[in-house]
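Single-letter residue listing:
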Amino acid sequence: MTQRAPDPSGEQQPGSSGPRGTAPPVAIDAGSELDPVHPVELPAPAAGGLTSAEVAERIARGEVNDVPVRSSRSLTEIVRANVLTRFNLIIGVLWVIMLSVAPIQDSLFGFVIIANTGIGIVQEWRAKKTLDGLAVIGEAKPMVRRDGMAAAISTSEIVLGDLVELGPGDKVVVDGTVAEADSLEIDESLLTGEADPVLKRAGDPVMSGSFVVAGGGAFTATKVGREAYAAQLAEEASRFTLVRSELRTGISTILKYVTWMMVPTAIGLIISQLVVKNNDIKDSIARTVGGIVPMIPEGLVLLTSVAFAIGVVRLGRKQCLVQELPAIEGLARVDVVCLDKTGTLTEGGMDITEVRALNGTDEPYLRRVLAALGTSDPRPNASLQAIIDAYPVPEGQAWTVTRTLPFSSARKYSGAAFDEGGGAESVWLLGAPDVLLPEEDPSLTEIEHLNEQGLRVLLLARAEGELDGPGVAAGAVPSALIVLEQRLRPDAGETLAYFADQRVATKVISGDNAVSVGAVAAKLGLPGAEHTLDARRLPTDPDAMATAMEENAVFGRVSPQQKREMVAALQSRGHTVAMTGDGVNDVLALKDADIGVSMGSGSEATRAVAQIVLLNNSFATLPSVVAEGRRVIGNITRVATLFLTKTVYSVLLAVLVVCFQVEYPFLPRHLTLLSTLTIGVPAFFLALAPNKERAHPHFVRRVMRYAIPSGTIAAIATFSTYLIARHHYAGTGALDAETSAATLTLFLVSMWVLAIIARPYTWWRICLVVTMGLAFLIVLVVPWLQNFFALKLVGTSMPWTAVGIAAVASVALEYAWRLVSRRFPA
């Protein structure tokens, strides 16, 4: 099996990945046993694979790779997660009680919960279907040999005993034993933590979850389905989930504290209403439930789930596969993006603009050498493909390839030996000029000028020794410079400008020459593109490396291990780092980054460890992911303040009622109306609205610093109105009049909280606030709605007193919010 020669620059070419996403290997020491030189002749095949009859027999026995779909949870799990919650249980019990003791309008809160839960199930089901569909589109299909023929099949169709072929970049999808090995090197770091690739020979075991970094071969599947080593790990790691994010963790923390506050308060309220006041039992129960229900911020969890689920659907339409839902949130918090040049800033294809002969090399002979190099790799990358396109092999004049030297990121070059016929033999190296040439070579100055123009330059050199010699590059005679022009992505400049505008630092980390990379970045307008650094001069001390990373924007000649160290260095300074990549040399860095982003055409290994896969291979999709994450975080922070303001004032009102030994002022229908107009409907629109505000940490602190003073002011103002109304009204119907006055105050104060949260105002936000106010006004003036909600303002002095108290409370709210913003910045 012939080893493909990866791009000598160290960059993976997405356009050259072939059907199985080949890519350059991770760094290995040149000259070591893991740095093989091997003959091109194919070994005799171990077998032609299973026959169709054998495959059918194994399927009948259930010996098939039936790992569950990893991208989503089942419909049963979705329903269970949305229905069987702690708060739904509490509300369900209270709803049943209210249905038996009070009119239907006091049980409206139960119907609202049913509707909200239904919305949550439908939205997540839509997200599931989107995610499952994208996962199928983005799934790599391994090559399996059956009936003597190799064909790409789904991983779920592999059966026990299948002969699975392997090439550079391929992921080992099931456990097995190596049947054929042609300098096969496998990286098992995702399973063992060991970064060095392992040389595999026939008979050696291979584990699912590892991937090929060099060479090729085939293995026989010995464990499939749930028995495979990494199957369960992969299923859990890639499952559709709503957890493991600061947002979800913060909401869970808030709900835990709310439960602790709610239980003793509810007990006190029950005792106060049923025992101390000795009121009518049904009315006491209704008012007790009316005090308990609004303490529960049940809609907050629902809206968070809906916002995330809709985010998945929106991104799915843009061919972006989110393998872990919180990745949307994570990328929104990123402040440093590390990216490759090739496949990100540039397209996969390249064109030869010039070939400059050196040291008097005969040009016709040079063309034959380049044509022969093109035949040395059956799956050429972008650089070699450009050479093949420019220099086809003359009819009947092909040289015989006798040996090939695989590329390594440490060497930065590859090679091949040829039998030219007539007893003539030659050995050639193709790679990075600044690696193959000594530092004092005058050609490097000329090359530097070309790099400054953003051109890629490869050196073709003739070696005198054998390819398997320890110093094959030493003394190699430069024969030509191959000048390649890279195709810039048309949307790359806009994407870089977006990140700069959002104050997200962009670091270009490339295996190519730093000056060349800097020139490409400068053409695209990357801020700091003039600050380039050759990674071979990077300090090894983590702190010094972190300083260099912060001070520079473009890094060249970066090895895979250095990419990983760079990510760690940035994280040590408190940065949230996203890493993009498409080759196996990016896997370690992708795995360690806070958010890993893989191109859809990249190797299967990179797609396996990335949280986000860009199926359209467009870096320009990333701003959409960032914007979606910021929309979710910013909007959920807004609506969480609304929900928790209600929780705070509900708890405080219950405490005040217990302390003052008075009837609870509200029935459930009153708080259902208030919650719908000041929280439920507005929160739904606010949670799904555009929001470009940069994501901030400390979600709980940011929400509670506003919810506590807002809820406190609302409770004090409402209870003050209620106490004044108790002294103002007397006789039959006094309690209804007192409740109406208190409801008016609470509504106006809550509307002011909504008005603050809706800022900055847009036309639709103003319309939203005004519409909610008009809806409450309609309830107050339409007789049948007055009766339905038991709201009727009596007289003029008390209603205007309620409005005055609400106005004072609104002024206090404005002062409190400004004071909090100054004294307790998040």
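Here the residue numbering is sequential within each chain, running from 1 through the sequence in written order. Given that the model is predicted, a residue must reach a pLDDT of at least 70 before its local features are reported, and side-chain atom pairs must reach 80 or more before they are shown or counted; all residues, however, enter totals for whole chains, interfaces and linings. Processing note: side-chain calculations cover all non-hydrogen atoms of the structure and skip hydrogens and water entirely.

## Section: the overall build of the protein
Where we set the bar: Numbering of helices and strands runs from the N terminus, with a helix taken as a DSSP run of H or I at least four residues long and a strand as a DSSP run of E at least two residues long. Type-normalised accessible area, obtained with a 1.4 Å probe on protein chains alone, sets the label of each residue: buried when under 20%, exposed when over 50%, and partly exposed for intermediate values. A contact between two residues is defined here by any heavy atoms of the two lying within 4.5 Å. Surface accessibility follows the Shrake-Rupley procedure with a 1.4 Å probe radius. Residue values consider only the protein chains on display as shielding.
In terms of helices and strands, the protein carries 27 helices and 22 strands. Burial status across the protein gives 58% buried among its 826 residues. Restricting the contact set of the protein to residue pairs at least 6 apart, pairs at least 24 apart contribute 74%. Per element, the accessible surface of the protein, about 31,900 Å² overall, is 59% carbon and sulfur.

## Things to note about the environment of L345
Structurally, L345 can be placed in the loop between β10 (336–339) and β11 (346–357). Take L345: its relative accessible area is 0%, and that puts it in the buried class. Sequence separation of L345 and R487 is 142 residues, and the distance between their C-alpha atoms is 8.7 Å. Those residues in contact with L345 that lie beyond four places of it in its chain are L339, D340, L488, R489, A492, L496, V508 and L524.

## Concerning the packing of helix α24 (residues 734–757) against helix α25 (residues 763–781)
Put simply, the rule reads: Axis angles are defined between N-to-C directions and span 0 to 180 degrees, where every axis is a line fitted to C-alpha atoms and, for a helix, only to the segment in contact. To sort the angles, those under 35 degrees are grouped as roughly parallel, those over 145 as roughly antiparallel, those from 65 to 115 as roughly perpendicular, and the leftovers as oblique. All amino acids are sorted into three groups, where Ala, Val, Leu, Ile, Met, Phe, Trp, Tyr, Cys and Pro are nonpolar, Asp, Glu, Lys and Arg are charged, and the leftover types, Gly among them, are polar.
Their axes nearest at 10 Å, the elements α24 and α25 cross at an angle of 170 degrees. Classified by the angle between their axes, α24 and α25 sit roughly antiparallel to one another. Contacts between α24 and α25 involve T743, L744, F747, M751, L754 and A755 on the former and, on the latter, V769, M772, G773, F776 and L780. Looking at side-chain class alone, the contact of α24 with α25 contains 9 nonpolar, 2 polar and no charged residues.

## Here we look at the sheet that holds strand β19 (residues 554–556)
Just so we agree on the cut-off: At least two DSSP bridges between two strands are required for those strands to pair.
Taking strand neighbours across the sheet as the criterion, the 8 strands line up as β9-β22-β21-β20-β10-β17-β19-β18 in an open arrangement whose pairing is mixed. Strands at the two margins of the open sheet, each flanked by one partner only, are β9 (320–322) and β18 (532–534). The average undirected angle you get between the axes of adjacent strands in this sheet is 20 degrees. As judged from the 3 bridges shared by β9 and strand β22 (residues 612–614), these two strands associate in the antiparallel manner. Bridging across to β22, L321 finds its partner in V613.

## A closer look at the pattern of salt bridges
Put simply, the test is: Here, a salt bridge means any side-chain nitrogen of Lys or Arg that lies within 4 Å of a carboxyl oxygen of Asp or Glu.
Throughout the structure, instances matching the rule amount to 20 salt bridges. Taking the shortest distance from any N to any O, the salt bridge between R61 and E57 comes out at 2.6 Å. The exposure class of E57 is partly exposed, given its relative accessible area of 44%. A salt bridge links R314 to E628; its shortest N-O distance comes to 3.5 Å. On the criterion of sequence distance, the pair formed by R314 in helix α9 (residues 298–316) and E628 in helix α21 (residues 622–660) is long-range, its members being 314 residues apart. By relative accessible area, which is 30% here, R314 ends up partly exposed. The buried category is assigned to E628, whose relative accessible area is 8%. A cluster of three or more residues bridged by salt bridges with shared partners is formed by D434, D534, R536, R537 and R557.

## Describing the packing of aromatic side chains
Short version of the rule: Two rings from Phe, Tyr or Trp (for Trp, the six-membered ring) form a pair when their centres are within 6.5 Å of each other. A pair whose planes differ by under 30 degrees is stacked, one over 60 is edge-to-face, and the rest are tilted. Whether a charge sits over a ring depends on NZ of Lys or CZ of Arg being within 6 Å of the ring centre and within 35 degrees of the ring normal.
The full count for this structure, using the stated rule, is 12 aromatic pairs. Taken together, a centroid distance of 6.1 Å and an interplanar angle of 75 degrees make the contact between Y664 and F666 edge-to-face. Of the two residues examined, Y664 and F666, each falls in the buried class. One aromatic cluster is present, built from ring pairs that chain together Y365, W399, F418 and W428. Over the aromatic face of Y257 sits the side chain of K256, whose NZ or CZ is 5.5 Å from the ring centroid.

## A short note on unusual backbone geometry
Following R759, the chain continues into P760 via a peptide bond in cis, with omega recorded as -5 degrees. Structurally, P760 is set in the loop between α24 and α25. Positive phi, close to 55 degrees, is recorded for A790, a residue that is not glycine. Positionally, A790 belongs in the loop between α26 (783–789) and α27 (797–823). Its relative accessible area of 22% is what places A790 among the partly exposed residues.

## Digging into helix α18 (residues 560–572)
What counts, and what does not: Residue count minus one, scaled by 1.5 Å, sets the expected span of a helix.
Its 13 residues give α18 an end-to-end C-alpha distance of 19 Å, which sits within 8% of 18 Å, the value for a rise of 1.5 Å per residue. Buried residues of α18: P560, Q562, K563, R564, M566, V567, A569 and L570, and no others. For α18, the elements touching its buried residues are β10, β17 (505–509), α17 (542–551), β19, β20 (577–581) and α19 (587–592). Looking one or two places after α18, you find G574, whose phi comes out positive at around 85 degrees.

## Here we look at the pairing of strand β2 (residues 143–146)
Taking every second residue as pointing to the same face, both faces of β2 are buried, with M143 and R145 on one and V144 and R146 on the other. Where β2 meets strand β3 (residues 149–152), 4 bridges bridge the pair, whose relative direction is antiparallel. Bridge pairing links V144 to A151 in β3. The hairpin turn running from β2 into β3, its antiparallel successor, is 2 residues long, and D147 in that turn takes a positive phi close to 55 degrees.

## A closer look at the confidence of the model for the protein
Condition: Within a predicted model, pLDDT stands for the predictor's per-residue confidence, ranging from 0 to 100.
When the pLDDT values of the protein are averaged, the result is 78; 83% of them are 70 or greater. When the elements of the protein are averaged for pLDDT, strand β1 (residues 38–39) gives the smallest value, 40, and α25 the largest, 94. Residue range residues 1–46 is modelled with pLDDT below 50. Its contacts to residues more than four positions away, or to other chains, number 180 contacts. For residues 233–243, every residue scores under 50 in pLDDT, and the model assigns this stretch 31 contacts once sequence neighbours within four places are set aside.

## What to know about a nonpolar patch on the surface
Filter applied, for reference: Exposure above 30% relative accessible area and the absence of a salt bridge qualify a residue for a patch, where like charges join within 9 Å and nonpolar side chains (Val, Leu, Ile, Met, Phe, Trp, Tyr) within 5 Å.
Residues Y761, I766, V770, L774, L777, I778 and V781 make up a contiguous nonpolar surface patch of roughly 630 Å² in combined accessible area. With respect to the secondary-structure elements, I778 resides in helix α25.

## Section: the environment of G62
Relative to the assigned elements, G62 resides in the loop between α1 (52–60) and α2 (75–83). Since its relative accessible area comes to 46%, G62 is described here as partly exposed. Sequence separation between G62 and V159 is 97 residues, and the spatial gap between their C-alpha atoms is 8.6 Å.

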